[in-house]
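Report on the structure
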Amino acid sequence: MVVRLGPAPILLASVDRLLRAGPDDGGVVVFAGRVRPDPRRGRRVVALDYEVDRTPALERLRAIERTARRRFGARKVLLWHRTGRVRVGETAVVVGAACRHRAEAFVAARYLIDELKASVPIWKEERARPARRPPRPPRRPGARSAG
Amino acid sequence: MTPTVRVRLFASARVVAGRASLTWPVPSGGLTARRLLAELAERYPRLAPTLRASRFLRNDRYLADLDERIAPDDEFAVHPPYGGG
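Residues numbered from 1 in each chain as written. Chains lettered and ligands numbered in written order. Predicted model: local features only at pLDDT ≥ 70, side-chain atom pairs only at ≥ 80, totals over all residues.

Some thoughts on the nonpolar core
Residues and elements named next belong to chain A. The following threshold applies: We define a nonpolar core as a collection of buried residues of the types Ala, Val, Leu, Ile, Met, Phe, Trp, Tyr and Cys that are connected via C-beta atoms lying within 7 Å of each other. Partly exposed residues are those whose C-beta has more than 12 but fewer than 20 other C-beta atoms within 10 Å; with 20 or more the residue is buried, with 12 or fewer it is exposed, and the C-beta atoms are placed from the backbone. In this text, helices come from DSSP runs of H or I with a minimum length of four residues, and strands from runs of E with a minimum of two, each type numbered from the N-terminal end. Each residue gets a C-beta atom placed from its backbone, and two residues are in contact if those atoms lie within 7 Å.
Core analysis: the biggest nonpolar cluster contains 48 residues, and L79, V95, A97, A108, A109, L112 and L116 have the highest contact counts within it. Top contributing element to this core by residue count: strand β6 (residues 91-99), with 7 residues. Leave out the neighbours within four places in its chain, and A108 touches A68, F72, A74, A97 and C99.

Some details on the interface of chain B and chain A
Let me state the cut-off plainly: The residue classification treats Ala, Val, Leu, Ile, Met, Phe, Trp, Tyr, Cys and Pro as nonpolar and Asp, Glu, Lys and Arg as charged. All others, Gly included, are polar.
If you look at the interface, chain B gives 11 residues, while chain A gives 18 residues. Counted by class, the side of chain B that touches chain A contains 6 nonpolar, 4 polar and 1 charged residues.

Concerning the sheet that holds strand β3 (residues 55-58) of chain B
Whether parallel or antiparallel, the strands of a sheet pair through hydrogen bonds between backbone atoms. Residues and elements named next belong to chain B. Cut-off, in case you're wondering: We call two strands paired when DSSP finds no fewer than two bridges between them.
Spatial ordering of the open sheet is given by β2-β1-β5-β3-β4, a layout of 5 strands whose pairing is mixed. In this open sheet, the two strands that pair with only one neighbour each are β2 (21-25) and β4 (61-62). Pairing analysis gives 2 bridges linking β3 to β4, with the strands arranged antiparallel. By the bridge assignment, R58 is partnered in β4 with R61.

Re the sheet that holds strand β7 (residues 122-130) of chain A
Residue and element names in this part refer to chain A. For the record, the criterion: Here the axes come from fitting lines to C-alpha atoms, over the contacting stretch only for helices, and the angles between their N-to-C directions go from 0 to 180 degrees.
As summarised here, the arrangement of the 3 strands in space is β5-β3-β7, forming an open sheet in which the pairing is antiparallel. The two strands at the open ends of the sheet, each matched to only one other strand, are β5 (84-87) and β7. Neighbouring strand axes in the sheet, compared pairwise and without regard to direction, differ in orientation by 30 degrees on average. Where strand β3 (residues 43-52) lies against β7, 9 bridges are found, and the strand directions are antiparallel. When the sheet's bridge partners are listed, L48 is paired in β7 with E126.

Here you go:
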């Protein structure tokens, strides 16, 4: 099992090596959550700042991993969350479950991400900027400006 | 010297109180989590709604109930609703 919590960028290319699925693991499901601009009310998110209470967070992540093994038959588990500033387009969280079959792998991975969001002391704060307005149409020659 | 506990505030609790940690006195009769929370809400009235929605830890362990005693030098953490992912 792998539990990671820190500011280093999450590299999806390294997930396979970290999860270490074996020859009997016929189903592997990996979910990656990425920061998106989420434009609304004239603003767009440029980054999320993640805050964590590290000791209880690591304990909760390990408890989630144990439950995924016991209840859902996960044979290998990966739980990885970034902390600090994560910019739009970057990966904030990855969970992965390797099981004998795909059905239990999907259920286990769903449990991992849902339980992580609900019960691990991690918080995010949006960093946003005003959304770009569409460019103004060119002025007609001789047109007066309003006001 | 007056015995104290350290109160750690996270996320919206930190923002509302304007600081990440507080040193809080322990009265001679002792301090329960319930009393500590009442005192915090009295000092920081805008914190009260956040406290009602929060979970609490003493020395990195979730509280079983609010009558748990908080001893001098303990660390008491306020966790507003989580938002990872």
